[in-house]
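So the chains spell out like this:
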Amino acid sequence: SQKIEQNSEALNIQEGKTATLTCNYTNYSPAYLQWYRQDPGRGPVFLLLIRENEKEKRKERLKVTFDTTLKQSLFHITASQPADSATYLCAPYTDKLIFGTGTRLQVFP
Amino acid sequence: GAGVSQSPSNKVTEKGKDVELRCDPISGHTALYWYRQSLGQGLEFLIYFQGNSAPDKSGLPSDRFSAERTGGSVSTLTIQRTQQEDSAVYLCASSTERGEKLFFGSGTQLSVL
């Protein structure tokens, strides 16, 4: 069955450092993959979309890579700030959009 | 409105009662999705509507769950004979393109006592 794996343990990093979150998927080949941010008590907010023919996508301090051979996407936040603290969800797409369980990022001053 | 609106924001019901959850998508968005999120868990896909096509109901957990979308806009998720395991946040999202860049509402917190 299709499976999406994100590190369930929280990632704690110091302000100013680069945060790297991992998303691995198995048993399917998504045409594209998205990353969302979710704050407590709120719905997810779209951040970036990367297609299977793209290796890397950037938006301000965010960078996403998509390796279809490894079946993995990496999500980077450079120069992290406490305001970046949230849960980040990856969502590979085939015929429907399925979300991973997310990784909680905590950026401390 | 400017975003996806869901109502009610909170719903407390007794086991066995029926509930209706409403979603107003962003105007012009042809795709509409319902997800469920239990405490500390990921998003569970429930149902997807795209324009006038037949909905993808493959995520509905049982026949107690149903959803409709009237006039290609407002959607209602109905849960009949609610059970305690139905307690969760029900999230609605809409988009212009199938599966791309979803805009989510703030959800309805359903508590079944």
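Above this text is the structure in question.
Analysis parameters
Residues numbered from 1 in each chain as written. Chains lettered and ligands numbered in written order. Predicted model: local features only at pLDDT ≥ 70, side-chain atom pairs only at ≥ 80, totals over all residues. Heavy atoms only, no water. Contact = heavy atoms within 4.5 Å. Buried area = accessible area lost by both parts, 1.4 Å probe. Salt bridge = Lys/Arg side-chain N within 4 Å of Asp/Glu carboxyl O. Core = buried A, V, L, I, M, F, W, Y, C linked by side-chain atoms within 4.5 Å. Buried < 20%, exposed > 50% of the residue type's maximum accessible area, 1.4 Å probe, protein only. Helix = DSSP H or I, 4+ residues; strand = E, 2+ residues; numbered from the N terminus.

1. Regarding the interface of chain A and chain B
If you look at the interface, chain A gives 20 residues, while chain B gives 16 residues. Together, the buried faces of chain A and chain B total about 1,400 Å²; carbon and sulfur atoms form 52% of this surface. Counting every contact that joins chain A to chain B gives one salt bridge. In this structure, the salt-bridge partner of Arg51 of chain A is Glu100 of chain B, at a minimum N-O distance of 3.1 Å.

2. Quick word on the nonpolar core
Counting 22 residues, the largest nonpolar core has Leu33, Trp35, Phe75, Ile77, Tyr88 and Leu105 of chain A as its most contacted members. If one sorts the elements of this core by residue count, strand S3 (residues 19-26) of chain A sits on top with four residues. Ranked by size, the runner-up nonpolar core spans 20 residues in total, among them Leu46, Ile47, Ile79 and Leu110 of chain B.

3. Observations concerning the pattern of salt bridges
All names here are of chain A. In total, this model carries nine salt bridges over all chains according to the counting rule given. Glu56 is paired through a salt bridge with Arg58; the nearest N and O atoms lie 2.8 Å apart. For Arg61, the salt bridge goes to Asp84, with nearest N and O atoms at 2.9 Å. In this pair, Arg61 sits in the loop between strand S6 (56-59) and strand S7 (62-67) while Asp84 sits in the loop between strand S8 (72-77) and strand S9 (86-93), placing the two residues 23 residues apart along the sequence. For Arg61, a relative accessible area of 25% gives the class partly exposed. Among the residues examined, Asp84 registers a relative accessible area of 7% and is labelled buried.

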